[in-house]
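Chain and residue survey
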Amino acid sequence: MTAAVSVRELSRTFRRGRRSAAVQALRGVSLSIEPGETLGVVGESGCGKSTLARLIARLDEPTTGTIEILGDDVTHMHGQELRQLRRSVQMVFQDPYASLNPRRRVGTAVEEVLKVHKLADSPAARTERVDELLGLVGLDPGLASRYPTELSGGQRQRVGIARALAIEPSIVIFDESVSSLDVSVQAEIINLMVALREQLDLTYVFISHDLGVVRHIADRIAVMYVGSIQELGTWRQVSDDPVHPYTRALLSAVPHMRLDDQAGPQETPVLGEIPNPADPPSGCAFHPRCPHATALCSEERPALRAVADRLVACHLAAEIVEQ
Amino acid sequence: MTAGPVLRLEGLTASISGGGEVRHLIQGVTLDIEPGEKVGFVGESGSGKSITMLSIMGLLPPNVAVTSGSAVIAGVELAGLAERDYQRIRGSRLAMVYQDPMSALNPVMRIGAQIAEGLRAHGAEGPQADETVRRVLGDVGIPDPQRIAKSYPHQLSGGMRQRVMIAMALAMEPELIIFDEPTTALDVTIQAQILTLVRELHAAKNTAIVWVTHDLALVSNLVDRIVVMYGGRIVEQGPVVDVLTSPRHRYTAALLSAFPERHSQVRDRLAQIPGGPPSLDEIQTGCPFRTRCVHAIESCDAMPAVEAGEPSHSYSCWVPIKVAS
């Protein structure tokens with residue numbers, strides 16, 4: 001079976017002028033996503049998760065490495081070819097306030113996508129398709145004549161999803177798409193995403209800093225730190241039985257609802273700051289904050305290797321599993 | 001005056017006026033905060049939690065004002081207090097740590113000078129102020145306070161800037177510190193560090209804390225008591241574990257079930273709350289949650305009284321969830 005998405009040794013370096021240091025936003029990421037699968041990508045600021053999303057959507061071009069979408073090499077596509085690729089891969093952004101033109105009616109915003117991609121030839125057909133798309137995301141077609149400011153945050157995010165689905169992509173990338181929503185609205189949008197995935201056979205890349213949300217929706221989870229994948233496994237492996245010390249640190253930092261009077265021993269949070277991607281630590285990027293770090297960790301960058309049925313980039317992974 | 005609550009809110013109501021109309025943003029907010037107590041204010045956007053805090057701080061926007069009720073801190077009535085008198089209270093009795101330190105700090109002033117400025121405004125002399133600056137920066141776990149005092153805000157990370165804000169709040173040893181979503185913009189490992197810091201500072205100084213957040217899980221690990229706000233009202237409040245395990249108000253229960261469960265092995269559809277947050281018009285009378293509540297009855301058109309449940313657990317609901325006895 002051809003992978004929906006396959007990236008190999010993907011790197012992206014940004015330069016802000018000759019004097020300033022190059023920022024390695026992504027440092028050799030390889031992964032593949034099967035059709036119909038949802039890959040969750042979690043990590044903190046500067047881990048490269050959004051850069052990875054933008055590269056898969058080809059909103060950006062990698063410095064080195066390759067990107068294949070449904071078997072086609074799209075790494076350096078441009079022009080007409082790239083427009084064709086957009087038919088397969090769509091992205092939904094974090095801020096529905098920022099991604100909709102405030103002076104354009106909701107219906108027009110969705111119709112615009114159909115026009116750009118020449119998907120319905122008559123105005124009547126377009127209007128019909130707009131109604132259908134709004135219905136698909138659970139919005140009353142009557143909302144088509146409203147302006148974005150007249151909608152709630154949840155409704156606006158639904159419009160964002162309708163726009164992404166307008167051209168019937170097979171892959172949808174959600175970049176922090178539920179992060180700015182209130183919990184009650186977030187639940188509603190997550191339920192919608194899950195329902196649409198089944199209904200339309202979609203492949204998802206779900207980027208978030210919130211492990212709780214990713215755990216709910218992803219089949220597999222990739223944990224990123226300072227530009228590379230630290231651990232990649234099924235949602236259960238990564239979120240319930242992590243191996244990499246960073247995944248463990250991340251997990252123990254996520255607050256759990258306290259349901260009994262025993263506050264329990266407070267876990268000591270991982271110390272130190274997240275490194276600046278312009279000046280990453282030598283060896284394993286996590287070694288300065290890692291409680292297990294040895295001399296090797298500061299010298300050699302660990303490769304992503306199979307440990308306990310998942311992939312882990314840690315020199316000490318095997319020993320950690322044995323403990 | 002040492003006995004009695006640090007802060008007493010009674011029927012606090014703040015309203016917005018415009019176009020000849022006066023509409024309430026928060027109504028009848030009543031609550032005592034005891035010395036050394038840690039209280040979490042929880043609510044979604046528009047619940048009134050921030051307006052409540054700004055009312056206490058005397059920092060409401062120009063078209064919003066406290067229209068009735070009272071807020072008393074250390075024997076001083078804050079409602080209607082003149083700005084000059086308020087300035088004496090802010091910082092010394094009452095301090096606030098904001099969500100975004102970058103907009104709360106002056107970008108062109110060194111960290112040390114900013115902290116000292118507040119101290120001097122409250123009467124500290126030069127060398128004494130500098131000494132306090134170094135001490136409070138050390139207290140919040142900032143390595144090398146001398147160097148950081150000479151830095152500008154942009155030279156620090158988000159986590160460090162938030163530590164500076166906490167140092168500023170601590171500088172005059174107020175009775176109460178309000179934390180308004182102080183970790184929302186931080187990464188989770190840094191958030192955990194700030195939580196640990198606040199816990200340690202509380203253990204050392206016993207300052208009363210109000211922590212405002214939309215994250216129930218986060219606040220449950222810090223505070224003694226949770227106050228749930230919705231549509232400008234306190235709908236339920238009580239000891240953390242009571243409220244989280246046996247909520248009485250329908251909104252609290254709905255909110256709790258909408259969280260993605262972090263331990264569950266099955267991933268069912270998440271519980272949704274039908275409809276959206278109420279409009280300003282919808283919350284003027286009656287229970288603010290009635291338009292989204294599947295249990296609403298006719299009585300809900302009038303605001304329910306505050307019912308006392310178990311000791312110190314109270315709620316305002318006509319059709320509360322019954323506790324299994």
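This section reports on the structure supplied with the text. Please read these numbers as outputs of a predicted model, since none were measured by experiment. (Residues numbered from 1 in each chain as written. Chains lettered and ligands numbered in written order. Predicted model: local features only at pLDDT ≥ 70, side-chain atom pairs only at ≥ 80, totals over all residues.)

So, about the overall build of chain A. Along the backbone of chain A there are 11 helices and 12 strands. Radius of gyration (C-alpha) of chain A: 21 Å, near the 20 Å computed for a compact globule of 323 residues. Along the first, second and third principal axes, the C-alpha set of chain A runs to 70 × 55 × 45 Å. Going through the 323 residues of chain A one by one, you find that 47% of them count as buried. Restricting the contact set of chain A to residue pairs at least 6 apart, pairs at least 24 apart contribute 64%. (Helix = DSSP H or I, 4+ residues; strand = E, 2+ residues; numbered from the N terminus. Rg over C-alpha atoms; globule rule 2.2 N^0.38 Å. Buried ≥ 20, exposed ≤ 12 C-beta atoms within 10 Å, placed from the backbone. Contact = placed C-beta atoms within 7 Å.)

Within chain B, the regular secondary structure consists of 11 helices and 12 strands. Whereas a compact globule of 325 residues would reach a radius of gyration of roughly 20 Å, chain B reaches 21 Å, a difference of no more than 12%. Counting every position in chain B, which comprises 325 residues, the buried fraction comes to 47%. Relative to all contacts within chain B whose residues are 6 or more apart in sequence, the contacts with residues 24 or more apart total 63%.

Moving on, we get to the sheet that holds strand S6 (residues 89–92) of chain A. All names here are of chain A. Strand order across the open sheet formed by 8 strands is S6-S7-S8-S3-S9-S10-S12-S11, with mixed pairing between neighbours. The sheet is open, and its two borders are formed by S6 and strand S11 (305–307), each paired with just one other strand. The mean angle between the axes of side-by-side strands here comes to 25°, regardless of whether they run parallel or antiparallel. The sheet contact formed by strand S3 (residues 38–42) and strand S9 (residues 220–225) spans 4 bridges and is parallel. (Pairing = 2+ DSSP bridges. Axes fitted to C-alpha atoms, helices over the stretch in contact; angles between N-to-C directions.)

On to the interface of chain A and chain B. Residue-level contacts link 33 residues of chain A with 35 residues of chain B. Per element, the largest residue contribution to the side of chain A that touches chain B is 6 residues, and it comes from helix H6 (residues 183–200) of chain A. Of the residues belonging to the side of chain A that touches chain B, the class tally is 15 nonpolar, 10 polar and 8 charged. (Nonpolar A, V, L, I, M, F, W, Y, C, P; charged D, E, K, R; others polar.)

Next up on the list: the packing of helix H9 (residues 245–253) of chain A against helix H8 (residues 188–205) of chain B. In contact at an axis separation of 8 Å, H9(A) and H8(B) are set at 50° when each is read in the N-to-C sense. With respect to H8(B), the axis of H9(A) lies oblique. In terms of crossing hand, the pair formed by H9(A) and H8(B) is left-handed. Only Val188(B), Thr189(B), Gln191(B) and Ala192(B) of H8(B) make contact with H9(A), whose side of the interface consists of Ala249(A), Leu250(A) and Ala253(A). Residues of the contact of H9(A) with H8(B), tallied by class, amount to 5 nonpolar, 2 polar and no charged. (Parallel < 35°, antiparallel > 145°, perpendicular 65-115°, else oblique. Left-handed = near helix turned anticlockwise from the far one by under 90°.)

Residue and element names in this part refer to chain A. Position of Pro275 among the secondary structure elements: in the loop between H9 and helix H10 (295–299). A residue is classified by how many C-beta atoms lie within 10 Å of it, and Pro275, with 17 of them, is partly exposed. Taking the C-alpha atoms as reference points, Pro275 and Leu133, 142 residues apart in sequence, are found 43 Å from one another. Non-local contacts of Pro275, meaning those with residues more than four positions away in its chain, are made with Val226, Pro280, Pro281 and Ala285.

This part is about unusual backbone geometry. Phi is positive for Arg58(A), which is not a glycine, with a value near 55°. Positionally, Arg58(A) belongs in the loop between helix H1 (49–56) and strand S4 (64–69). On the neighbour-count criterion, Arg58(A) (21 C-beta atoms within 10 Å) is buried. Positive phi, normally seen in glycine, also occurs at Asp144(B), with a value near 55°. In this fold, Asp144(B) is placed in the loop between helix H5 (126–139) and helix H6 (145–149).

Attention now goes to helix H1 (residues 49–57) of chain B. Residues Lys49(B), Ile51(B), Thr52(B), Leu54(B), Ser55(B) and Ile56(B) constitute the buried set of H1(B). Backbone geometry just after H1(B) places Gly58(B) at a positive phi near 70°.

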